[in-house]
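So you can see what is in the structure, the chains are spelled out below.
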Amino acid sequence: MPLYECVVIGRSEITQQQVDTLTDTVVAQVEADGATVRKREYWGLRSLAYRIKKNRKGHYLLLGLDIEAPALTEMERQLRLNEDVLRFLTIRVDEIDEVPSAVLARKSDDRGFRGPKPAGRFDSGRRRYDDREEFRAREEFRGGRDDDDDRLRGLQEEI
């Protein structure tokens, strides 16, 4: 049988248990048609690239299917009728990898230690705006102050 991968995006208002029941109904319908589900991954609640039906986030789910075309058409029809499904995309693939997808692999890597914070970047104290480099550069070109003149004299001596 041909192999397919299907990514389903569910509404953000539903819970993860409702996503699991949605997945179970799709899997039961697919298996009733004589196909098999080789891979099933829940990617979590993720931000959408743009708003879909007033939703900014969605539950992502990946299914690896070994299914015939008529059963696939019926599965897609059922997904279109379900109100909890925002979008889905089914593509044909040569093989279904048993290893976790790149999304899950990257998600597990992001949870680790990220190292120390850069010094001075996230200070909790108040910072003066004129300490920033762009403001210092503006003052040098403006001139007119005594402290600026001293700074310019120091720069001229270095040159």
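A short tour of the structure in this document, coming up. Source: prediction; values computed, not measured.

Details of the packing of helix α1 (residues 16–32) against helix α2 (residues 69–81)
And step 1. Between α1 and α2, the least distance of the axes is 10 Å, while the angle of their chain directions is 155 degrees. If you check the angle between α1 and α2, you find them roughly antiparallel. For α1 against α2, the interelement crossing comes out right-handed. Contacts between α1 and α2 involve Val 26, Gln 29 and Val 30 from the first element and Glu 74, Met 75, Gln 78 and Leu 79 from the second.
And step 2. Among the residues forming the contact of α1 with α2, the class breakdown is four nonpolar, two polar and one charged.

A closer look at α2
And step 1. Here α2 is 13 residues long and its end C-alpha atoms lie 19 Å apart, about the 18 Å a rise of 1.5 Å per residue gives.
And step 2. Listing the buried residues of α2 in full gives Ala 71, Leu 72, Met 75, Glu 76 and Leu 79. All buried residues of α2 fall inside an arc of 135 degrees around its axis, so they share one side. In α2, the exposed positions angled more than 90 degrees off the buried face are occupied by Pro 70, Thr 73, Arg 80 and Leu 81.
And step 3. Where α2 is buried, its residues touch β1 (3–11), α1, β3 (55–66) and β4 (85–93).

Brief notes about the side chain of Glu 41
And step 1. With respect to the element layout, Glu 41 can be found in strand β2 (residues 36–52).
And step 2. For Glu 41, a relative accessible area of 8% translates into the label buried.
And step 3. Polar side-chain contacts of Glu 41 include one of 2.6 Å to the side chain of Ser 101.
And step 4. Among all residues touching Glu 41, those that are not within four sequence positions of it are Tyr 60, Leu 61, Leu 62, Val 99, Pro 100, Ser 101 and Leu 104.

Topic: α1
And step 1. Helix length check: α1, at 17 residues, gives a terminal C-alpha distance of 24 Å against a target of 24 Å (1.5 Å per residue), a fit within 8%.
And step 2. Close packing links the buried residues of α1 with β2, β3, α2 and β4.
And step 3. In the stretch just after α1, Gly 34 is the one whose phi turns positive, near 95 degrees.

Examining the nonpolar core
And step 1. Of all hydrophobic cores here, the largest spans 17 residues; its most connected members are Cys 6, Val 30, Leu 65, Ile 67, Met 75 and Leu 79.
And step 2. Counting only elements with at least two residues in this core, the list comes to β1, α1, β3 and α2.
And step 3. Those residues in contact with Cys 6, other than ones at most four positions away along the chain, are Leu 61, Leu 62, Leu 63, Leu 65, Met 75, Leu 79, Phe 88, Leu 89 and Thr 90.
And step 4. One finds Ile 9, Tyr 60, Leu 62 and Leu 86 within the second-largest nonpolar core, a separate group that totals eight residues.

A few points about the side chain of Glu 5
And step 1. Within the secondary structure layout, Glu 5 lies in strand β1.
And step 2. Sequence-distant contacts of Glu 5, that is, excluding residues within four places in its chain, are made with Leu 62, Leu 63, Leu 89, Thr 90, Ile 91 and Val 93.

Cut-offs applied
- Residues numbered from 1 in each chain as written.
- Predicted model: local features only at pLDDT ≥ 70, side-chain atom pairs only at ≥ 80, totals over all residues.
- Heavy atoms only, no water.
- Axes fitted to C-alpha atoms, helices over the stretch in contact; angles between N-to-C directions.
- Helix = DSSP H or I, 4+ residues; strand = E, 2+ residues; numbered from the N terminus.
- Parallel < 35°, antiparallel > 145°, perpendicular 65-115°, else oblique.
- Left-handed = near helix turned anticlockwise from the far one by under 90°.
- Contact = heavy atoms within 4.5 Å.
- Nonpolar A, V, L, I, M, F, W, Y, C, P; charged D, E, K, R; others polar.
- Expected span 1.5 Å × (residues − 1).
- Buried < 20%, exposed > 50% of the residue type's maximum accessible area, 1.4 Å probe, protein only.
- Arc of directions from axis to C-beta.
- Polar contact = N/O pair within 3.5 Å; in protein donor to acceptor, adjacent residues only side chain to side chain.
- Core = buried A, V, L, I, M, F, W, Y, C linked by side-chain atoms within 4.5 Å.

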